[in-house]
Amino acid sequence: MAVVVAFKWAPDPQDGRVADDGAIDWSGAATSAVGDDAVAVEVARQTAESLGQEAVGITLGRKNADWALARGADRVIAVDADLAGASDDLRAAVLAALARRVDGADTVIIGDSAVDSGAAVVPSLLAATLGRPGLLGATGVATDGTAITVERRTRDAVVTVKVDGPAVIAVAADAATPRVPGMRDVLMARKRPIETVELAELGVDAPGAELLTSRRTDSGRQAQLFDGADPQQAARQLVAALRSAEAV
Amino acid sequence: MTFNTWIIAVDNRIADLLAAAATVPGEVHVAVLGDRDLAEELARTDVADVLWFEPPAGSVVEEYAGQVAEAVAARKPDVVLTGPQDAARLIAGRLAAQLRTPLITSVQSIEADPPVATRLTVSGSVEQTVSASPLLAVLDSPGGAPEATDAAVTIDQIVLAPGTTISMVSAVPRAAGADLSTADRVVAVGRGLAAKTDLGLVRDLATALGAQVAGSLPLAEDLGWLDKDLCVGISGKQISPALYLAVGISGQMQHMAGVTRAQKVVAINNDPEALIFGKCDYGIVGDLYAVVPALVSALGEPRA
Ligand SMILES: Cc1cc2nc3c(=O)[nH]c(=O)nc-3n(C[C@H](O)[C@H](O)[C@H](O)COP(=O)(O)OP(=O)(O)OC[C@H]3O[C@@H](n4cnc5c(N)ncnc54)[C@H](O)[C@@H]3O)c2cc1C
Ligand SMILES: Nc1ncnc2c1ncn2[C@@H]1O[C@H](COP(=O)(O)O)[C@@H](O)[C@H]1O
């Protein structure tokens, strides 16, 4: 039996230079594990430990395998392909195919949303492709040694549910505190196996939307600044500007 | 040409989904996952009919995403619209798999004939228009409760087979937070605030503006000075107020992605180099502890 955790290695969105036509230049961008993924790996490690199961990381591209191994994954399965520009649908299909390669992987943990896309779409597609229920936005995951309970915050309640069987659980930023690996973890990680799989072996395909137009959005705002050295005057200037723009 | 349009509803917030659906020629149907009251409320809206999926009492709706998607897919939709609620996104994911069509999220608007969606990506910094058939769109803002019509349309009830994987343990009610998604004005505060006790300053400004208070992730989550529901940004809410005033917020992309649809963005920050001054319409470079009280009194002064 195993707990599977999906994680992603992506460029820091802050480092991408967006051209007027919406094309992004990622050269020079630092890459790292994104979004809630450090939390996902920590939750998977704790869950696997408590259930006496293996924690298996799955990821696209193999550069990041060590990162997860040092944080508690027992082994990693990576697809050796650059899927940077691939659609979310294809990525989810590939992750689902990887999860299926792990025997007895009832529990699949994933970050709720990634910063680079901000789409929060892969978890629901992954649950759909695997044909199992999903729980999104989990703020807490616990086990009593056999069963898993998941806490979520809905609009008007904090809901705790019990999961008996295969499910995909997407964890939010506050579900656990990721631990910082020590030297020992990093060294141990080197001994742990990384299995790479060719994309063609998985035989997946997925539809993508047809892109019609694309443009940069943040070019619109041109700040009019007031000097707050004289707070009263700056405040009056701002209020006057907002009034004439009919914003207040 | 006419289209077979479906709205997936997991609560009553569908006003904007209805408005978007109304731009598509053809009949609009609603698939509702929830209790009878919800189905009846949505039957009194401007739609052709309601397909009501009734979950067994006390069960967890997420468990039924597959059954709902299967029934909707069997009705061969051309356009499906839903909101960003967790259960709605799960149903949308299942529909994508069933219909073999891409799932398009962060959608701001749609156009019909042929169906096209306008969406934001890369944390709000790129706007794209995309097409797909069928078009399966998750809108960022589904809108509030719909306006009721005089007559109710027919409700077709589907009894769901009880799920076996997820069971309810407990549901502890909590005070429903202010709904930032529909707020007209928002004052947000960040790490520039030195102490929790200084929040009063920000609340005074919000009151003077008739605005709701929100915050950056560090305030709402790490420090816990505000309720978590009040976090604005990629991990929190994506909002579209007429006025967004950021106090002591640096303007990191993960935060600003939450306000790309605000009409006017105002920043107060004592660092002239703060990122936010490149992403706002008006700014005051100064100490919030001096500027905020001055702003409250300036707002109280009569128009010149
Ligand atoms: C995966 C991920 C998701 C994230 N999601 C979100 C999100 O949803 N929302 C979010 O907000 N953040 C998010 N973040 C965090 C984000 O990157 C920033 O760290 C955060 O927005 C910074 O908050 P801040 O502006 O309040 O604090 P800081 O960046 O510390 O900025 C404080 C600002 O206050 C100014 N200041 C200090 N003193 C004063 C004074 N006396 N008067 C006036 N100005 C003053 C400073 O000049 C500074 O610009 C996320 C990060 C990651 C990695
Ligand atoms: N290419 C990928 N490889 C592994 N995990 C991914 C990939 N894309 C997305 N994910 C996971 O899905 C979550 C949500 O991503 P997104 O849907 O892009 O917001 C992230 O936290 C990741 O854990």
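If you're wondering where the values come from, they're calculated on a predicted model, not measured in any experiment.

Asker: Outline the pattern of salt bridges, supporting the account with residue identities and numerical values.
Answerer: The full count for this structure, using the stated rule, is 18 salt bridges over all chains. In this structure, the salt-bridge partner of R75 of chain A is E54 of chain A, at a minimum N-O distance of 2.8 Å. Within this pair, whereas R75 of chain A is found in strand β7 (residues 75–79), its partner E54 of chain A is found in strand β6 (residues 54–60), the two being separated by 21 residues in sequence. Residue E54 of chain A is classed as partly exposed on the basis of its relative accessible area, which comes to 29%. Here R153 of chain A and D227 of chain B are joined by a salt bridge, their closest N and O atoms 3.8 Å apart. With R153 of chain A in strand β10 (residues 148–153) and D227 of chain B in the loop between α6 (217–222) and β13 (243–247), the pair connects residues from two separate chains. With a relative accessible area of 28%, R153 of chain A lands in the partly exposed category.

Asker: Tell me about the site of ligand 1, and please be specific about residues and values.
Answerer: By nearness alone, 27 residues border ligand 1, and R191, S216, S235, S250 and N269 of chain B come closest of all. More than a single chain frames ligand 1: its nearby residues are located in chains A and B. Here R191 of chain B contributes a backbone N or O atom positioned 2.7 Å from an oxygen atom of ligand 1. Within the backbone of G192 of chain B, a nitrogen or oxygen atom sits 3.5 Å from an oxygen atom of ligand 1. Protein chains shield 76% of the accessible area of ligand 1, which is 980 Å² for the free molecule. Sorting the residues of the shell around ligand 1 by element identifies α6, α7 (253–256) and α8 (288–300) of chain B as the ones contributing at least two each. Of the residues contributing to the shell around ligand 1, the split by class is nine nonpolar, 15 polar and three charged.

Asker: Go over the packing of aromatic side chains, please, and point to the residues and values.
Answerer: Pairs of aromatic rings are described using the distance from one ring centre to the other and the angle between the two planes. Residues and elements named next belong to chain A. Applying the stated criterion across every chain, the model contains two aromatic pairs over all chains. Both rings, one in F7 and one in W67, keep their centres 5.7 Å apart while their planes meet at 45°; by these two values the pair is tilted. Taken together, the residues span a long stretch of sequence, with F7 in the loop between β1 (2–6) and β2 (9–11) and W67 in helix α2 (residues 65–70) at a distance of 60 residues. For the residue pair F7 and W67, the accessibility class agrees, reading buried in each case. Grouping aromatic residues by their ring pairs yields a cluster made of F7, W9 and W67.

Asker: Summarise the sheet that holds β10 of chain A; cite the residues concerned and give the values.
Answerer: Judged by pairing direction, the sheet is mixed, and its ten strands sit side by side in the order β13(A)-β7(A)-β6(A)-β1(A)-β8(A)-β12(A)-β9(A)-β10(A)-β11(A)-β10(B) without closing on themselves. Each edge of the open sheet is held by one strand with a lone partner, namely β13 (194–197) of chain A together with β10 (166–173) of chain B. With strand direction ignored, the average angle separating the axes of adjacent strands in the sheet is 35°. Sheet analysis places strand β8 (residues 107–111) of chain A next to strand β12 (residues 167–171) of chain A, joined by five bridges and oriented parallel. Along β12 of chain A, the bridge assignment pairs I110 of chain A with A170 of chain A. Lying on the sheet, helix α3 (residues 88–100) of chain A is in contact with β1, β6, β7, β8 and β13 of chain A; it crosses β6 of chain A at an angle near 150°. Here helix α4 (residues 122–130) of chain A sits on the sheet and contacts β8, β9 (134–143) and β12 of chain A; the angle it forms with β8 of chain A, its principal contact strand, is near 160°.

Asker: Can you lay out a nonpolar patch on the surface for me, pointing to particular residues and giving the numbers?
Answerer: All names here are of chain A. Together, M183, V186 and L187 make up a nonpolar patch on the protein surface, roughly 280 Å² of accessible area in all. By secondary structure assignment, the location of M183 is in helix α5 (residues 183–191). A relative accessible area of 62% places M183 in the exposed class.

Asker: Can you explain the domain arrangement of chain A? Please cite residues and give values.
Answerer: Note: interface size is frequently given as the accessible area lost on complex formation between the parts. Per the domain assignment, the segments of chain A are domain 1 (2–202) and domain 2 (219–248). Just the C-alpha atoms count here: the centres of domain 1 of chain A and domain 2 of chain A sit 44 Å apart.

Asker: Any chance you could break down α4 of chain A for me, citing the residues and the numbers?
Answerer: Within α4 of chain A, eight of the nine residues are buried, which leaves the element mostly enclosed by the surrounding structure. Every buried residue of α4 of chain A is accounted for by V122, P123, S124, L125, L126, A127, A128 and L130 of chain A. On its buried face, α4 of chain A sits against α3, β8, β9 and β12 of chain A together with α4 (86–99) and β5 (103–111) of chain B. G131 of chain A sits one or two positions beyond α4 of chain A and adopts a positive phi of about 65°.

Asker: Let's hear about the confidence of the model for chain B: which residues, and what values?
Answerer: Chain-level pLDDT for chain B is 93 on average; 98% of the residues reach the 70-or-more range. Quick note on the complex model: pTM equals 0.84, ipTM equals 0.84.

Asker: Could you give an account of the pairing of β12 of chain A, naming the residues involved and the relevant values?
Answerer: All names here are of chain A. Among the five residues in β12, five count as buried, and that is most of the element. Of the two faces of β12, the one carrying A167, I169 and V171 and the one carrying V168 and A170 are both buried. Here β9 runs beside β12; their pairing, made up of three bridges, is parallel. By the bridge assignment for β12, L135 is matched with I169.

Asker: Quick one: what's the story with the environment of K76 of chain B, residue by residue and with numbers?
Answerer: Relative to the helices and strands, K76 of chain B resides in the loop between α3 (65–74) and β4 (79–82). Expressed as a C-alpha distance, the spacing of K76 of chain B and G66 of chain B, which sit ten residues apart in the sequence, is 16 Å.

Asker: Outline the interface of chain A and chain B, listing residues and values.
Answerer: Facing 81 residues of chain A, the contacting portion of chain B comprises 82 residues. Buried surface at the junction of chain A and chain B, both sides included, amounts to about 6,700 Å², of which 55% is carbon and sulfur. Area buried by chain A at its contact with chain B is led by R155, R221 and R243 of chain A, which between them contribute 11% of it. At the boundary of chain A and chain B, one finds seven salt bridges. When the shortest N-O distance is used, the salt bridge between R100 of chain B and D205 of chain A registers 3.7 Å.

Here is what the cut-offs are and how they apply
Residues numbered from 1 in each chain as written. Chains lettered and ligands numbered in written order. Predicted model: local features only at pLDDT ≥ 70, side-chain atom pairs only at ≥ 80, totals over all residues. Heavy atoms only, no water. Salt bridge = Lys/Arg side-chain N within 4 Å of Asp/Glu carboxyl O. Helix = DSSP H or I, 4+ residues; strand = E, 2+ residues; numbered from the N terminus. Buried < 20%, exposed > 50% of the residue type's maximum accessible area, 1.4 Å probe, protein only. Near = heavy atom within 4 Å. Polar contact = N/O pair within 3.5 Å; in protein donor to acceptor, adjacent residues only side chain to side chain. Areas by Shrake-Rupley, 256 points an atom, 1.4 Å probe, with all protein chains shown as cover. Nonpolar A, V, L, I, M, F, W, Y, C, P; charged D, E, K, R; others polar. Phe/Tyr/Trp six-rings, centres within 6.5 Å; stacked < 30°, edge-to-face > 60°. Pairing = 2+ DSSP bridges. Axes fitted to C-alpha atoms, helices over the stretch in contact; angles between N-to-C directions. Contact = heavy atoms within 4.5 Å. Patch = residues over 30% accessible without salt bridge, like charges linked within 9 Å, V, L, I, M, F, W, Y side chains within 5 Å. Domains from an automatic or database assignment. pLDDT = per-residue confidence, 0-100. Buried area = accessible area lost by both parts, 1.4 Å probe.

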